[in-house]
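The lines below spell out each chain.
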Amino acid sequence: MDLSRGRFSVMGVSMVKKKSAKGTDIASIQVLIHIGPPKTGTSAIQNWLRNNRSYLKKLGIYYPDHLLDKNGVSSGNVRRLFYPRVPGKPLAPIADARERLIGETSTNGCDRLLLSSENFFAQLPDVMAIFPEALLIAYIRFPLDLLESRYNQSVKRGRNKEKFPAASSVPEATHLDTLAEFIGQYGRNTFLLRPFMKACFTDGDIVSDFLSAIKVKKPSGSIVDGILKTIGVGQDKASSMSSVVNTSYCFEALEFKRWLNNFDLSLWQTRIDTFLQGYRDGTFNFSLLDPDQYARIKEHFLRITREFVRRYQVINGDAFLRAIEEKKQKPFKRQVLDVNEFRCVAEAMRRHDALLVKYLAVLIESSGRRDLVNSPYAKAFGVEANRAKQHFDPIHGKVVGFHELKNRLSLPKDKGPAAVFKNLARFCEDNGELEFAYRLVKAAQSIQPNAPWVQKKLAEYKDKLENQSKLKSALKNEENDRNGKNEA
């Protein structure tokens, strides 16, 4: 199939797409859908596509807009085909999704519609019911690499606090099995299969490789390239930077987060993740698999991957298999949480976001987990064991050991508990934590129900939070979509 603008082929016959005066002929629009699968660089691809929509439009490619989080991660275009995720239920297709997207593509004067989301992999039957003529782009990743990647993700974005499990038997290559089923159902010609391996990428990065797959040349000489050149970042480095979005944690950051997962981090997850993704003073070249186990599983997965690559004629498949055969295990790291390494990460977090460390200290103190409060890791946040029974829990409005808090806030001795809540709320408000500030004032209301400042602040915070509700709802839906993507 020729993916160049304005031309495509059916049964080997080249056909030129016609355009109407108002836009592209709807019947001639080609649909390209990137389905992942999960953990194959989709975040980097989607980040680039979204930030270069105007460039793509000039080439006749319509890529619908979507949200990105602070780290440049998103669930892609899933919300254009499916309603927001309801926990515990499958995604529900939008009835008029096809009509809307084809119409938008035509209105924008484009002859190709490009969609991307990892969620499409798990929902492929529904996707194909909407766009049965679509060409599906999928990346093939060596299953052994996915084992550790998925575990790291479960610690990074999930609540996993357990060590990497030792496998008593070789695991299944589930994504290859699923892809094989889809190929059998929809036909080999429906899929464009490419290897997810740096040695096989066009120009050595996933974004350039994806663009080459859809016959698009990555632009150079842009404003961004000029800025990077000015600050001394060369083209190779710039290319690398453009392809790294959802960056991995170093070993020390991973273990740091694994311990923190003992607590409910829902209010602070994004801030913790932002810091840990940027923490670079650790070990990035590591493996959690025992070397003997690694060798046994590698041989098993190599056989499965070889069969898949050759049977389904994966692009650049021979180079992919050679790279796997030559691939050496990264240095094995045993998951022992070193106290000194933990303190280094905590100190770096304090320099980066001192308020976050204070919040986490309060969270740890108020957890009621004596075993954790008394641990040396808690001390890295400034938690003292003798405060284990005297803690402050702002979420539930409980004040115990309140003199200690007054001292830490530098409040006069004659100020009562409500003053503690008031000052903490002001501190939270100044740092953009309106929801937390609202909860603190609600706690103060139980102490001073008729205080004018309480009524004024509650009304003020409520109004601000209501104004943010639409954005918060959209971001929550994006988070649910991403959680579904990670589960896929």
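The structure this text deals with has already been given above.
Being a predicted model, the structure only gives us computed values, none of them experimental.

Things to note about the environment of Ser43
The residue Ser43 is located in helix H1 (residues 42–51) in this model. On the accessibility criterion, Ser43 (7% relative accessible area) is buried. Between the C-alpha atoms of Ser43 and Glu118, which are 75 residues apart in sequence, the distance is 9.1 Å.

What about the pattern of salt bridges?
Applying the stated rule across the entire model yields 16 salt bridges. Across the pair Arg157 and Asp273 runs a salt bridge, and its minimum N-O distance is 2.7 Å. Remark: Asp273 occurs in helix H13 (residues 269–278) and Arg157 occurs in the loop between helix H7 (143–156) and helix H8 (174–186); sequence separation between them is 116 residues. The class for Asp273 is buried, based on a relative accessible area of 3%. The closest approach of N and O atoms between Asp209 and Arg194, which form a salt bridge, is 2.9 Å. Of this pair, Asp209 sits in helix H9 (residues 206–213) while Arg194 sits in strand E7 (residues 191–195), placing them 15 residues apart in sequence.

As for unusual backbone geometry
Each neighbour pair has its own omega, and for Gly36 with Pro37 the value is -5°, a cis peptide bond. Locating Pro37 in the fold gives a position in the loop between strand E3 (30–36) and H1. In the Ramachandran plot, Lys215 falls in the positive-phi region, its phi being about 60° despite a non-glycine side chain. One non-glycine residue, Asn316, lies in the positive phi region at around 60°. Relative to the assigned elements, Asn316 resides in the loop between helix H14 (291–312) and helix H15 (317–326).

Topic: the packing of helix H22 (residues 434–445) against helix H23 (residues 452–467)
Helix-helix packing is described using two parameters, namely the angle between the two axes and the distance between the axes. Contact geometry for H22 and H23: axes closest at 10 Å, N-to-C directions at 150°. Between H22 and H23, the angle falls in the class roughly antiparallel. You can see that H22 and H23 cross each other, and the crossing is left-handed. Residues Leu434, Glu435, Ala437, Tyr438, Val441, Lys442, Ala444 and Gln445 of H22 pack against Trp453, Val454, Gln455, Lys457, Leu458, Tyr461, Lys462, Lys464 and Leu465 of H23.

Observations concerning the packing of aromatic side chains
In total, this model carries 19 aromatic pairs according to the counting rule given. On the numbers, 6.3 Å between centres and 35° between planes, the contact of Phe182 with Tyr186 is tilted. Of this pair, Phe182 and Tyr186 both sit in helix H8, four residues apart, which is roughly one turn of that helix. A residue is classified by how much of its surface remains accessible, and Phe182, at 9% relative accessible area, is buried. Taken together, a centroid distance of 4.8 Å and an interplanar angle of 55° make the contact between Phe308 and Tyr312 tilted. A residue pair is termed a helical-turn pair when its members lie 3 or 4 positions apart in one helix, as Phe308 and Tyr312 do in helix H14 at four residues.

Details of the pairing of strand E6 (residues 135–140)
With respect to burial, E6 is a largely interior element, six of its six residues being buried. Residue alternation in E6 divides its side chains into two sets, Leu135, Ile137 and Tyr139 and Leu136, Ala138 and Ile140, and both sets are buried.

Considerations on helix H4 (residues 97–107)
Three or more residues of H4 are buried, namely Ala97, Leu101, Ile102, Thr105 and Ser106. Taken down its axis, H4 places every buried residue within 155° of arc, on the same side. Turned more than 90 degrees away from the buried face of H4 sit Glu99, Arg100 and Thr107, all of them exposed. Packed against the buried residues of H4 are E3, strand E4 (61–62), helix H3 (78–81) and strand E5 (112–116). Residue Gly109 follows H4 closely and has a positive phi angle near 75°.

Structural notes on the sheet that holds E7
Sheet strands line up and pair through hydrogen bonds in the backbone, either parallel or antiparallel. Pairing within the open sheet is parallel, and its five strands lie in the order E4-E5-E3-E6-E7. Every interior strand has two partners, whereas the edge strands, E4 and E7, have only one. Note: E3 against E5, five bridges, orientation parallel. Directly across from His34, in E5, lies its bridge partner Ser116. Its contacts with the sheet place H1 against E3, E5 and E6, and it is angled at close to 140° to E3. Lying over the sheet, H4 contacts E3, E4 and E5, oriented at roughly 130° with respect to E5.

Description of the nonpolar core
Counting 111 residues, the largest nonpolar core has Ile33, Leu81, Phe131, Trp259, Leu360 and Phe381 as its most contacted members. Once residues lying within four places of it in the same chain are set aside, the contact partners of Leu81 are Ala92, Pro93, Ile94, Ala97, Leu101, Leu115, Phe120, Val127, Ile130 and Phe131. Listed in part, the 22 residues of the second largest apolar core include Ala44, Ile137, Val207 and Leu211.

Some points on the environment of Gly282
In this fold, Gly282 is placed in the loop between H13 and H14. For the pair Gly282 and Phe251, spaced 31 residues apart in sequence, the C-alpha separation works out to 6.6 Å. With residues near it in sequence (within four places) discarded, Gly282 still touches Cys250 and Glu252.

Observations concerning the packing of helix H12 (residues 251–260) against H13
Running from N to C, H12 and H13 point in directions that differ by 165°, and their axes come no closer than 11 Å. Comparing the axis directions of H12 and H13 gives the class roughly antiparallel. Considering only the axes of H12 and H13, their crossing is right-handed. Between H12 and H13, the residues in contact are Ala253, Phe256, Lys257 and Leu260 and Gln269, Ile272 and Leu276, respectively. Along the lines of polarity and charge, the residues of the contact of H12 with H13 split into five nonpolar, one polar and one charged.

The rules behind these values
- Here the residue numbers are simple positions, counted from 1 along each chain's written sequence.
- Totals for whole chains, interfaces and linings use every residue, but because this is a predicted model, local features are given only for residues with pLDDT of at least 70 and side-chain atom pairs only at 80 or more, for both listing and counting.
- The side-chain quantities take in all heavy atoms of the structure and omit both hydrogens and water.
- Helix and strand definitions follow DSSP, with helices as H or I runs of at least four residues and strands as E runs of at least two, each counted in order from the N terminus.
- Relative accessibility decides the category of a residue: with a 1.4 Å probe and only protein chains considered, values under 20% of the type maximum give buried, values over 50% give exposed, and everything between is partly exposed.
- Here, a salt bridge means any side-chain nitrogen of Lys or Arg that lies within 4 Å of a carboxyl oxygen of Asp or Glu.
- Axes here refer to lines fitted to C-alpha atoms; in helices the fit is confined to the stretch in contact. Angles between the N-to-C directions go from 0 to 180 degrees.
- Any angle that falls under 35 degrees is termed roughly parallel, while one over 145 is termed roughly antiparallel, one within 65 to 115 roughly perpendicular, and all others oblique.
- Take the far helix as your reference; a near helix turned counterclockwise from it by less than a right angle gives a left-handed crossing, and one turned clockwise gives a right-handed crossing.
- In this analysis, two residues are considered to be in contact whenever any of their non-hydrogen atoms come within 4.5 Å of each other.
- In this analysis, rings of Phe, Tyr and Trp, with Trp reduced to its six-membered ring, are considered paired at centre separations within 6.5 Å, and the interplanar angle assigns stacked below 30 degrees, edge-to-face beyond 60, and tilted for intermediate values.
- Arc, as used here, means the arc of the directions from the helix axis to the C-beta atoms.
- Strand pairing requires that DSSP identify at least two bridges connecting the strands.
- We define the nonpolar core as a collection of buried residues of types Ala, Val, Leu, Ile, Met, Phe, Trp, Tyr and Cys that are connected through side-chain atoms lying within 4.5 Å of one another.
- We call Asp, Glu, Lys and Arg charged. Ala, Val, Leu, Ile, Met, Phe, Trp, Tyr, Cys and Pro are nonpolar, and the rest, Gly among them, are polar.

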